[in-house]
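In case you want the letters, here they are:
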Amino acid sequence: APGSEWWRTAVIYQIYPRSFADASGDGIGDLPGITARLDDLKSLGVDAIWLSPFMTSPQMDAGYDVADYRDVDPLFGTLADFDEMIAEAHARGIRLIVDLVPNHSSDQHVWFQQALKAAPGSPERARYVFRDGRGENGELPPNNWESVFGGGMWERITEADGTPGQWYLHIFDATQPDFDWTNEEVREEFRSILRFWLDRGVDGFRVDVAHGMVKEAGLPDYAPVADADSMGGGEESVPYWGQDGVHDIYRDWHKVLAEYDGDRALCGEAWLPTLEKTALWVRPDEMHQTFNFPYLMTPWDAEELRSVIRESLDAFGAVGAPSTWVLSNHDVIRHASRLALTADSPQGEGLGPNSAGKPDPAIGLSRGRAATTLMLALPGSAYVYQGEELGLPEAMEIPDEFRQDPTWFRTNGERYGRDGCRVPLPWSADAPAFGFNDTGASWLPQPEEWANFARETEEADPDSTLNLYKTLIAERRERSLGTGTLVWEDAGADAVAFRRDDLHVVANLGDAPIALGDGVAFVAQSEPFDGTALPPNASAWFTRA
Ligand code: TEU
């Protein structure tokens, strides 16, 4: 039976568990910490939670390196804690989708440990991508691919590891060996893992690196073009991204989810260069939605923003899928900082305490609020990353000794890495670790000025970012803005302006105020302003008498 298709309009809140709330007091967030804060998410008004990895892991990439797909890492709690968390979320009408990491496992996964010891050509090795090297003695890697995290994409097995000689493939860190998704045993194992969590009541999965699971046959050499960004080389085809074979896997998974109550969703994480390619992920028998990264990547520019919104609605609409909207996540510079950078990649290259690209915090916060005010008026589903509802900026002065992102290590600090968007949340201004726990421990140091962004402080301030998000989410629900279409309006070259029934939405991306005309009754303003001239770096929702 068809379900409610709740994901089509949902506001989905991403929890990065190590940094959300820490009930145990060890400085790392956990599942009981989440359970204790569910009322705060209820009052924010979100429909669902996407929970980043919590499964058993040596944490070499913050849990995106899973050693056991059927258990909770002791850092975060137990399966019983998980069951309690999901029951309490459901009791509040909040759905839960969990992060699934199928492209690669941890090198500590029992299958990989067996593969290391097994012989070349064995069924154990066939679950991963093992190859002989090139050169006279196989001393050169099988091809020239470079890891997304920096350095090579291959590691050679030594005597100490197991049966020496061959190389294994890892798109990310060396501790994250890629599975071979042409292997039926791998496919069967993941169907079983899906069912394990579906049986526990999860409402769906966010599928990590959905675009990387299948590699081009023969693993041909490929070097990204010089100006390639993280989307993988622009328009050209990349032998490890977006290969046709991935679609079979999604069709297969779609069927597994449909065995349940028709209300479970797959959301693919696919960094693809165009919206047309992105929309192929969500054909009717594949994923239910996919992150709109072209939208996230759009700089603070009215014309570019108008066209990415138009193209998103067209591309997803053509396959009958909702568009998604996303501005921040645990891999990119928080949008309250990113939107004030002149030109940069969203992933921290060129950032850092002494970087010339250091954003102006006040402009960043204004633009961040304006961008969200625009986003939450769009039809489709929207993702909110923990802390953006507080207006948190990127933490840009993390001392080296605290850093944990493998990109920092693999590039010898050349890439500033993603730790700056992963700092534990501030809940109360005056408590130890700003109320993240009651011991004061914190795996990354929290900037002092975060006292001003504490949840409790913002609760009490009607003009806070938190109260703006609450208003926007409540009005969005009330007015059913998640469904339907938008009508474009003309408010000048520097504006993004449209109408949703009688609600007018205008964002000002220029340097001069925009006159909104007569009879304006505001429903929401990204920041308070007098009169009916919309200042630069602000957005508003209003009706007209
Ligand atoms: O990210 C996949 C990905 O391709 C990028 O976002 C990547 O993190 C970035 O280019 C690195 O600079 C997913 C997860 O979201 C990320 O946290 C994991 O590290 C990665 O997969 C590996 O599992």
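Residue numbers restart at each chain and count upward from 1, following the sequence in its written direction. Residue-level local features of this predicted model are given only where pLDDT is at least 70; pairs of side-chain atoms are given and counted only at 80 or more, and the full residue set underlies all totals for whole chains, interfaces and linings.

Caption draft 1: Local environment of the overall build of the protein chain. Along the backbone of the protein chain there are 14 helices and 20 strands. Our radius of gyration is a C-alpha quantity, and the globule rule it is checked against amounts to 2.2 Å times the number of residues to the power 0.38. Relative to the compact-globule value of 24 Å for 545 residues, the protein chain shows a C-alpha radius of gyration of 23 Å, a close match. Principal-axis analysis of the C-alpha atoms places the extent of the protein chain at approximately 75 × 55 × 50 Å. Neighbour density around each residue's C-beta defines its exposure: 20 or more other C-beta atoms within 10 Å make it buried, 12 or fewer make it exposed, and counts between make it partly exposed, where C-beta atoms are placed from the backbone. Expressed as a percentage of the 545 residues in the protein chain, the buried residues total 50%. Considering only residue pairs separated by 6 or more positions, the protein chain has 64% of its internal contacts joining residues 24 or more positions apart. Comment: elements are numbered from the N terminus, with helices defined as DSSP H or I runs of at least four residues and strands as E runs of at least two. By the convention adopted here, residues make contact when the C-beta atoms placed from their backbones lie within 7 Å.

Caption draft 2: Geometry of the environment of Pro-177. Following the sequence through the fold, Pro-177 ends up in the loop between β8 (167-169) and α5 (184-199). The sequence separation of Pro-177 and Met-153 amounts to 24 residues, and the corresponding C-alpha distance is 9.5 Å. Those residues in contact with Pro-177 that lie beyond four places of it in its chain are His-104, Ser-105, Asp-107, Phe-112, Tyr-128, Tyr-168 and His-170.

Caption draft 3: Examining the nonpolar core more closely. Nonpolar cores are identified as sets of buried Ala, Val, Leu, Ile, Met, Phe, Trp, Tyr and Cys residues joined via C-beta atoms within 7 Å. Membership of the largest hydrophobic core comes to 145 residues, with the highest contact counts inside it found for Ile-49, Leu-96, Ile-97, Leu-266 and Val-506. Leaving out residues up to four positions away in the same chain, Leu-266 has contacts with Gly-204, Phe-205, Val-207, Tyr-250, Trp-253, His-254, Leu-257, Met-287 and His-288. Formed by 5 residues, the second largest nonpolar core is a distinct cluster that contains Ile-398, Val-423, Trp-443 and Leu-444.

Caption draft 4: Spatial organisation of the sheet that holds strand β13 (residues 381-385). One requirement defines pairing of two strands: DSSP has to find at least two bridges between them. As summarised here, the arrangement of the 8 strands in space is β11-β10-β9-β5-β2-β1-β13-β12, forming an open sheet in which the pairing is parallel. The two strands at the open ends of the sheet, each matched to only one other strand, are β11 (289-290) and β12 (324-326). Examined bridge by bridge, strand β1 (residues 11-15) and strand β2 (residues 48-51) share 4 bridges and lie parallel to one another. By the bridge assignment, Tyr-13 is partnered in β2 with Ile-49.

Caption draft 5: Inspection of helix α6 (residues 246-258) at higher detail. Take the number of residues in a helix, subtract one, and multiply by 1.5 Å to get its expected span. Taking 1.5 Å per residue as the helical rise, α6 with its 13 residues ought to reach 18 Å, and the 19 Å between its terminal C-alpha atoms agrees with that figure. Of all the positions in α6, only Val-246, Tyr-250, Trp-253 and Leu-257 are classed as buried. Along the axis of α6, the buried positions cluster into a sector of 65 degrees, meaning they face one direction only. Elements in contact with the buried residues of α6: α5 and β10 (265-268). Here the arc refers to the directions that run from the helix axis out to each C-beta atom.

Caption draft 6: Broad picture of the domain arrangement of the protein chain. Domain limits in this description derive from either an automatic procedure or a database domain assignment. Per the domain assignment, the segments of the protein chain are domain 1 (6-103 + 184-468), domain 2 (104-178) and domain 3 (486-544). A straight line from the C-alpha centre of domain 1 to that of domain 3 covers 29 Å. If you look at the interface, domain 1 gives 16 residues, while domain 3 gives 18 residues. Put simply, the parts of the chain that give the side of domain 1 that touches domain 3 at least two residues each are α9 (302-318) and α11 (361-375). Here the residues of the side of domain 1 that touches domain 3 sort into 9 nonpolar, 2 polar and 5 charged. Under the scheme applied here, ten amino acids are nonpolar (Ala, Val, Leu, Ile, Met, Phe, Trp, Tyr, Cys and Pro), four are charged (Asp, Glu, Lys and Arg), and all others, including Gly, are polar.

Caption draft 7: Representation of the packing of α11 against helix α14 (residues 465-478) in the model. Note on geometry: axes are C-alpha line fits, over the in-contact stretch for helices, and angles between N-to-C directions span 0 to 180 degrees. One way to put it is that α11 packs onto α14 with a least axis distance of 10 Å and a crossing angle of 10 degrees. As far as their axial angle goes, α14 and α11 are roughly parallel. Counting all contacts with α11, which are made through Arg-369, Thr-372 and Thr-373, the residues of α14 involved are Thr-465, Leu-468, Tyr-469 and Leu-472. Angles below 35 degrees are treated as roughly parallel, those above 145 as roughly antiparallel, those between 65 and 115 as roughly perpendicular, and all remaining angles as oblique.

Caption draft 8: Here's a closer look at the sheet that holds strand β18 (residues 520-525). Strand order in the open sheet formed by 5 strands is β14-β15-β16-β20-β18, with antiparallel pairing between adjacent strands. For this open sheet the edge positions go to β14 (487-488) and β18, each flanked by a neighbour on one side alone.

Caption draft 9: Region of interest: the pairing of strand β15 (residues 495-500). Here β14 runs beside β15; their pairing, made up of 2 bridges, is antiparallel. Opposite Val-487, over in β15, you have Arg-499 as the bridge partner. The turn linking β14 back onto β15 is made up of 6 residues, and Gly-492 within it adopts a positive phi angle of 105 degrees. In this sheet, strand β16 (residues 503-508) lies alongside β15 in antiparallel orientation, the contact comprising 6 bridges. Paired with Arg-500 across the two strands is Leu-503, which belongs to β16. Where β15 folds back onto β16 in an antiparallel hairpin, the turn is made up of 2 residues, including Asp-501, whose phi is positive at roughly 50 degrees.

Caption draft 10: Representation of unusual backbone geometry within the structure. Residues other than glycine seldom take positive phi values, yet Gln-59 does so here, at roughly 65 degrees. Relative to the helices and strands, Gln-59 resides in the loop between β3 (55-56) and β4 (68-72). Its identity as a non-glycine residue notwithstanding, Ser-480 has a phi of 50 degrees, on the positive side. For Ser-480, a count of 12 C-beta atoms within 10 Å puts it in the exposed group.

Caption draft 11: Highlighting the environment of Trp-197. Among the structural elements, Trp-197 can be located in helix α5. Classification of Trp-197 as buried rests on a count of 22 C-beta atoms within 10 Å. On a C-alpha basis, the gap between Trp-197 and Ile-97 in space is 9.7 Å, while along the polypeptide they are 100 residues apart. In contact with Trp-197, other than residues within four places in its own chain, are Val-98 and Val-202.

Caption draft 12: View of the packing of α5 against α6. Remark: α5 packs on α6, axes separated minimally by 10 Å, with the N-to-C direction vectors making an angle of 30 degrees. Of the two possible hands of crossing, α5 and α6 adopt the one that is right-handed. The residues of α6 that touch α5, namely those facing Arg-187, Arg-191, Leu-194 and Arg-195, are Asp-252, Trp-253 and Val-256. When its residues are assigned to classes, the contact of α5 with α6 shows 3 nonpolar, no polar and 4 charged. Take the far helix as the reference: if the near one is turned anticlockwise from it by less than a right angle, the crossing is left-handed, and if turned clockwise, right-handed.

Caption draft 13: Main features of helix α3 (residues 79-91). The end-to-end C-alpha distance of α3 is 18 Å, a good match for the 18 Å that 13 residues give at a rise of 1.5 Å each. Within α3, the full set of buried residues consists of Phe-82, Met-85, Ile-86 and Ala-89. Here the buried residues of α3 occupy an arc of 90 degrees about the axis, which is enough to place them on one side. Looking at α3, the residues exposed on the side facing more than 90 degrees away from the buried face are Ala-80, Ala-87 and Ala-91. Here the buried face of α3 lies against α1 (31-36), α2 (38-44), β2, β4 and β5 (95-100). Directly after α3, the chain includes Gly-93, whose backbone phi takes a positive value near 75 degrees.

Caption draft 14: Structural context of the environment of Glu-88. Relative to the helices and strands, Glu-88 resides in helix α3. For Glu-88, a count of 15 C-beta atoms within 10 Å corresponds to the partly exposed category. Placed 167 residues apart in sequence, Glu-88 and Lys-255 show a C-alpha to C-alpha distance of 28 Å. Those residues within four positions of Glu-88 in sequence are excluded, and the remaining contacts are Thr-35 and Leu-38.

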